[in-house]
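Architecture and fold: a report
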4 protein chains.
Amino acid sequence: MERPLFISVIGENDPSPRLAALAEAVGVEIAAAGAVLVCGGLGGAMEAACRGARSRGGVTIGILPGLRHADANPHVMFPIPTGLGHARNLLVARSAHAVIAVGGKYGTLSEIAFAKIDGTPVIGLDTWDLRRPGQEESPVQNARDPKEAVAMALAAARKRQGH
Amino acid sequence: MERPLFISVIGENDPSPRLAALAEAVGVEIAAAGAVLVCGGLGGAMEAACRGARSRGGVTIGILPGLRHADANPHVMFPIPTGLGHARNLLVARSAHAVIAVGGKYGTLSEIAFAKIDGTPVIGLDTWDLRRPGQEESPVQNARDPKEAVAMALAAARKRQGH
Amino acid sequence: MERPLFISVIGENDPSPRLAALAEAVGVEIAAAGAVLVCGGLGGAMEAACRGARSRGGVTIGILPGLRHADANPHVMFPIPTGLGHARNLLVARSAHAVIAVGGKYGTLSEIAFAKIDGTPVIGLDTWDLRRPGQEESPVQNARDPKEAVAMALAAARKRQGH
Amino acid sequence: MERPLFISVIGENDPSPRLAALAEAVGVEIAAAGAVLVCGGLGGAMEAACRGARSRGGVTIGILPGLRHADANPHVMFPIPTGLGHARNLLVARSAHAVIAVGGKYGTLSEIAFAKIDGTPVIGLDTWDLRRPGQEESPVQNARDPKEAVAMALAAARKRQGH
């Protein structure tokens, strides 16, 4: 079985309307490219992204903090309850070939960090700007819009698969 | 979206031919019932169950100990890499509405234990016989064959959902 | 630094007076032997074991399901909050060179299973009797009393360290 | 039992001599204040911090990625093996009342993120500079030297305990 690429979309529970629209458009583009969308399964940016992906018939997976499938937003096809609370963030990062961060608070920051620990590419839309003393470039590649973000994520994922 | 029931199949990496055939038949029955099959994603009983489910067009999810999608057996549609090693066993137990144990060693025992901690029904085919001092009945409901095991798992899952 | 052996004591939140007395005596013997006691940090058998160990000046570590040090029973010297809920059970099993199970329900069963996955010896006092089809001996070595349980745990731990 | 405060020190496996000296001085100050030092248990900044704390007779706990007590650096009194790999980072963050980050790469970033998710104060010495669009202040309070870092960590931990 040739499997599709998996792209995680991470972001806030309570995004601004602008960030929610960005997340939804990211979901649309992921589905249009035939990739699987992974997220944390709850509301806000996660729900917006799933709604976008489902509007194009895409597959959506939600890795949940709690124990109940029913906690997933209605656009999640396959809920994965974990009972691990915020610790499930690292599973959201690890399930994907590339990660797209849309806005985001500390949960998003933890997912970016775990993606980078594993060498997974992270594309950003209005997300954290991360600088370390002595470091030349940001660990997050910023995109200008959702279409570019998904194109960058897929290109980075394919390049990494090729290794 | 009305979601299907999720049934986890747990068992050995290196099963006897008889146990592998049981696991494959369990997979066939899960798919025939329209349920989603969850497993640990690797070989042995996990691969046999996925092969059975895919032969009927079922959906298969594999929650992997490692970090690579490519570690999944070829009959897993949706791999979930965790990087958690054996700790991922608890996620296999938690992702399902009911669990079917086919044979099994200590990994299977850990999954049975975590399912029971959460109140998830466990159906057994030639699996652990668990007795505590003073306890009247086994925590695992034994089935006579794969068809009965899946019927019992679905009935227990539906009963629990109704609560 | 030569470090002491670590022994985990696992058991019920709500033990009978007889099981609580066994757990306390196990704690006394662990401290008398100069070993460190690890447990799940809460009440019941965990608290009884810690009380016993502290009565002899032993060191006690409690690996907690929640996020607050203050959740630990008063006889835990070093609380380790995890926020992982029941998933912390596997950390209790993994932190020790040997495990002593006193009575126990499903949480204890999960700890026994994870200890055995890792090859860690498990000594039992009135705990689960585990049988698999075709298996000759129980994975748990039963002791007659707390003194014997601790002696068996230390001997098994030392033997394993010697490998 | 009145328990001491727990302070986690996080940082790089392979720090510059300057960062290693900062981490060691942080360990000295933690022990001098009677607090318990928690870290990831391995080398680099972790070992330097433990060495500093032990030079003043402090207590050191190392939460390890692997399964063996013997993996801990020689200045760890109480190793906690987890077998969780990098996922143990979140336990290092969660075990403490406050966190001090000395330098640091992506592992340190994940620990900062998890500390902030839980509301745990983070004090920085030459560590990540974290900015989000629209955010006014950094989530990390920068200290000028190890003495100030420990004083800030203890003050923030006490303030939080008082809540």
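These lines cover the structure that appears in this document, whether it is placed above or below. (Residues numbered from 1 in each chain as written. Chains lettered and ligands numbered in written order. Predicted model: local features only at pLDDT ≥ 70, side-chain atom pairs only at ≥ 80, totals over all residues. Heavy atoms only, no water.)

This brings us to the sheet that holds strand S8 (residues 141-142) of chain B. Residue and element names in this part refer to chain B. With respect to topology, 7 strands assemble into an open sheet ordered S4-S3-S2-S1-S5-S6-S8, the strand pairing being parallel. Every interior strand has two partners, whereas the edge strands, strand S4 (78-81) and S8, have only one. Relative to the sheet, helix H4 (residues 106-117) contacts strand S1 (6-11), strand S5 (98-102) and strand S6 (122-125), its axis offset from that of S1 by approximately 145°. (Pairing = 2+ DSSP bridges. Helix = DSSP H or I, 4+ residues; strand = E, 2+ residues; numbered from the N terminus. Contact = heavy atoms within 4.5 Å. Axes fitted to C-alpha atoms, helices over the stretch in contact; angles between N-to-C directions.)

All names here are of chain D. Applying the stated criterion to the full structure yields 0 disulfides over all chains. Not part of a disulfide, Cys 39 finds its nearest cysteine sulfur in Cys 50, a span of 3.5 Å. For Cys 39, a relative accessible area of 0% translates into the label buried. (Disulfide = S-S within 2.5 Å. Buried < 20%, exposed > 50% of the residue type's maximum accessible area, 1.4 Å probe, protein only.)

The residue Arg 94 of chain B is located in helix H3 (residues 89-94) in this model. Here Arg 94 of chain B falls in the buried class, since its relative accessible area comes to 4%. Within the structure, Arg 94 of chain B has its side chain in polar contact with the backbone oxygen of Thr 82 of chain A (distance 2.9 Å). The residues touching Arg 94 of chain B, leaving out its near neighbours within four places in the chain, are Leu 67, Pro 81, Thr 82, Gly 83 and Leu 84 of chain A, Phe 114 and Asp 118 of chain B together with His 86 and Ala 87 of chain C. (Polar contact = N/O pair within 3.5 Å; in protein donor to acceptor, adjacent residues only side chain to side chain.)

What follows concerns the environment of Leu 91 of chain C. Relative to the assigned elements, Leu 91 of chain C resides in helix H3 (residues 89-94). As a C-alpha pair, Leu 91 of chain C and Arg 56 of chain C span 35 residues in sequence and 25 Å in three-dimensional space. Once you skip the residues sitting within four places of it in the chain, Leu 91 of chain C turns out to touch Ile 63, Thr 82 and Leu 84 of chain C together with Thr 82, Leu 84 and Leu 91 of chain D.

A separate point is the side chain of Asn 89 of chain B. Turning to its location among the elements, Asn 89 of chain B is positioned in helix H3. Residue Asn 89 of chain B is classed as buried on the basis of its relative accessible area, which comes to 3%. Residues contacting Asn 89 of chain B, with those up to four places away along its chain left out, are Gly 107, Ser 110 and Glu 111 of chain B together with Phe 114 and Ile 117 of chain C.

Our focus in this paragraph is the interface of chain B and chain A. Listed by partner, the interface residues are 30 residues for chain B and 30 residues for chain A. Approximately 2300 Å² of surface area, both sides summed, lies buried where chain B meets chain A, with 65% of it carried by carbon and sulfur atoms. Between the two partners, chain B and chain A, sit 0 salt bridges. Counting the contacts that link chain B with chain A gives 12 residue pairs in polar contact (both at pLDDT 80 or more). When residues in the side of chain B that touches chain A are grouped by element, the largest group, 4 residues, is from S4 of chain B. Residues that form the side of chain B that touches chain A fall into these classes: 19 nonpolar, 7 polar and 4 charged. (Buried area = accessible area lost by both parts, 1.4 Å probe. Salt bridge = Lys/Arg side-chain N within 4 Å of Asp/Glu carboxyl O. Nonpolar A, V, L, I, M, F, W, Y, C, P; charged D, E, K, R; others polar.)

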